Amino acid sequence: MQSSFELVVCIASTALFDCSKSHRIWKCDGLDAYKKYQREHADQPLKPGVGFPLVQSLLQLNKVVDKPIVDIVLISRNDAVSGLRIINSIEFYKLSIERMSFTCGEEVTKYLSCWNCDLFLTTEEEQVRNVLAGGHPHSLQGIAAGLVCNIISESIPVQPVTVTVCSATSVLPNVSSWPKDQVRIVFDGDGVLFLEEPQSTDLKQPNQQSETISLAKGPMQTFALKLQNVRRALGENNEWRIRTFLVTSSSGANTIRLINTLKEWGVDLDETHILSGLNKTPFLRVIDPAIFFDNSNEHSEAFLQFIPAVHIPSSRQTSRASIDDVVLTRSRHNTKSSTFNEDDFDESKSC
């Protein structure tokens, strides 16, 4: 059945909320202790996670049109009872999320096509790679996916009543002059909008012929087009509510080829910043985005203090611990005592 929404975002519970404390309990004390903790704290709202500002601001768009144009689906490996804390947190922050999947340890990505998912955000790199590879045997072709980056938990403001476009920049005062209810989304270039290409002499010194050769489509190209559909659905008077940016460290020598490629695809970005190796952080702090889709790790430590970011992994596998990896088996983790002291767990860390 064809979705009636212009954009469907499926997001893992650990990408939407800060689940680092309960994750450490699971890692250190085992599954039974984790489930006991979640059920005993079902009425205690979770803190917003890195994906919270994007979800909050996208849902706000539905309030300016006659029909919902964006759908958010909550995805979790929790069982439904342990997931009550997540559901209660959704209600606490007044997020209009009605669709959910609780898989009790089963792999969640096989259900993405059932939800007509356009974008999947998770804290598990293996899931992202599976989706970007197209999935097998399940069809995941055309679904964008990104790995939500860790960020200081205190840096995301909690605003349970007033729905605004949140920022992760509480470390320094926010002097943003952007419109209050605008969703700003930033894309990196290589590996995000465009497929990464090996550096060569021809690319560093392009000629007129190479400038006419389009760059290959990257993992977020389709999602960028979907955002334009949302924009059109908002109507001419509300198009300003979504603003898109390209902030890339790519060499300025390829600017013409880059612009020609975007034109051919029909991707109309509001702002394009070709940094040719400069640090992205100052630009990102000025933009103050709801989310930044990034491919490189070069400046991660700098901008992750201020900017909610999603990493699009390259072909190189990196070791990254899962936060949402609540696999309901005893073989991977020995169950320890279910008695623990909350002060022993650092909410800013993830195992």
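Residues numbered from 1 in each chain as written. Predicted model: local features only at pLDDT ≥ 70, side-chain atom pairs only at ≥ 80, totals over all residues. Heavy atoms only, no water.

S.K.: Whenever I open this one, the overall build of the protein chain confuses me. Can you help?
M.R.: For the protein chain, the helix and strand inventory stands at 12 helices and 12 strands. In the protein chain, the share of contacts with a sequence separation of at least 24, taken over all contacts with a separation of at least 6, comes to 77%. Summing over all exposed atoms, the protein chain offers an accessible surface of approximately 16100 Å²; the carbon and sulfur share of this is 48%. (Helix = DSSP H or I, 4+ residues; strand = E, 2+ residues; numbered from the N terminus. Contact = heavy atoms within 4.5 Å. Areas by Shrake-Rupley, 256 points an atom, 1.4 Å probe, with all protein chains shown as cover.)

S.K.: For this particular structure, what's the right way to read the environment of S57?
M.R.: Assignment of secondary structure puts S57 in helix α4 (residues 52-61). Relative accessible area serves as the criterion here: at 1%, S57 is assigned to the buried category. With 38 residues separating them along the chain, S57 and L95 place their C-alpha atoms 9.9 Å apart. Within the structure, S57 has its side chain in polar contact with the backbone oxygen of L54 (distance 3.0 Å). (Buried < 20%, exposed > 50% of the residue type's maximum accessible area, 1.4 Å probe, protein only. Polar contact = N/O pair within 3.5 Å; in protein donor to acceptor, adjacent residues only side chain to side chain.)

S.K.: Before we go on, may I ask you to explain the side chain of T244 in this structure?
M.R.: Mapped onto the elements, T244 comes out in strand β9 (residues 242-248). Residue contacts for T244: discarding those within four places in its chain leaves I185, F187, L227, R231, D268, L269, D270 and E271.

S.K.: For this particular structure, what's the right way to read α4?
M.R.: Residues three or four positions apart in an α-helix share a direction because the helix packs 3.6 residues into each turn. In terms of residue burial, α4 counts as a mostly covered element, since 10 of its 10 residues are buried. Three or more residues of α4 are buried, namely F52, P53, L54, V55, Q56, S57, L58, L59, Q60 and L61.

S.K.: How should I be thinking about the environment of Q60 in this particular structure?
M.R.: Looking at the secondary structure, you find Q60 in helix α4. Separated by 181 residues in sequence, Q60 and R241 place their C-alpha atoms 9.7 Å apart.

S.K.: I keep staring at the side chain of Q228 and nothing clicks. Help me out?
M.R.: Inspection of the secondary structure assignment puts Q228 in helix α9 (residues 221-234). Among the residues examined, Q228 registers a relative accessible area of 12% and is labelled buried. When residues no more than four places from it in sequence are discounted, the contact partners of Q228 are G266, V267 and D268.

S.K.: Sorry, what's going on with the sheet that holds strand β6 (residues 119-122) here?
M.R.: Strand pairing in a sheet is mediated by backbone hydrogen bonds. Such pairs are either parallel or antiparallel. Strand order in the open sheet formed by 10 strands is β5-β4-β1-β6-β7-β12-β11-β8-β9-β10, with mixed pairing between adjacent strands. Strands with a single pairing partner mark the edges of an open sheet, and in this sheet they are β5 (99-102) and β10 (271-274). For this sheet, the mean inter-axis angle between neighbouring strands, taken without regard to orientation, is 25 degrees. Its contacts with the sheet put helix α6 (residues 125-132) on β6 and β7 (144-148), and the angle it makes with β7 is roughly 165 degrees. (Pairing = 2+ DSSP bridges. Axes fitted to C-alpha atoms, helices over the stretch in contact; angles between N-to-C directions.)

S.K.: Teacher, can you tell me more about the packing of aromatic side chains here?
M.R.: The description of an aromatic ring pair rests on the distance of the ring centres and on the angle between the ring planes. This structure, assessed with the given rule, holds 9 aromatic pairs. Arranged with centres 5.8 Å apart and planes meeting at 90 degrees, the rings of W178 and F245 form a pair that is edge-to-face. Taken as a pair, W178 in the loop between β7 and β8 (183-187) and F245 in strand β9 lie far apart in primary sequence, 67 residues in all. Joined through ring pairs, the aromatic side chains of F17, F52, F92 and Y93 make up one cluster. (Phe/Tyr/Trp six-rings, centres within 6.5 Å; stacked < 30°, edge-to-face > 60°.)

S.K.: Any chance you could explain the pairing of β8 here in plain terms?
M.R.: Regular strands have side chains that alternate between both faces of the sheet. Counting buried residues in β8 gives 5 out of 5 residues, a clear majority hidden from the surface. Sheet topology places β8 next to β9; 5 bridges connect them, and they run parallel. Across the sheet, residue V186 finds its bridge partner in β9, namely F245. In the sheet, β8 pairs with strand β11 (residues 291-294) via 3 bridges, with the strands oriented parallel. In the sheet register, V186 faces β11, and the bridge partner there is F292.

S.K.: Looking at this structure, I do not really get the confidence of the model for the protein chain. What am I missing?
M.R.: It should be kept in mind that the predicted coordinates are not to be read in detail where pLDDT is low. The predicted model of the protein chain averages 78 in pLDDT, with 73% of residues at 70 or higher. Helix α7 (residues 201-204) is the least confidently modelled element of the protein chain, averaging 44 in pLDDT, while strand β1 (residues 7-12) averages 97, the highest of any element. With pLDDT under 50 throughout, residues 316-351 is counted as low confidence; its partners more than four residues away or in other chains account for 89 contacts. (pLDDT = per-residue confidence, 0-100.)

S.K.: Can you walk me through unusual backbone geometry in this structure?
M.R.: Excluding glycine, most residues fall at negative phi; most peptide bonds, likewise, are trans. Its identity is not glycine, yet C104 carries a phi of approximately 50 degrees, on the positive side. Within the element layout of this structure, C104 appears in the loop between β5 and β6. Relative accessible area serves as the criterion here: at 44%, C104 is assigned to the partly exposed category. A positive phi angle is found at N116, which is not glycine, with a value near 55 degrees. Among the secondary structure elements, N116 is positioned in the loop between β5 and β6.

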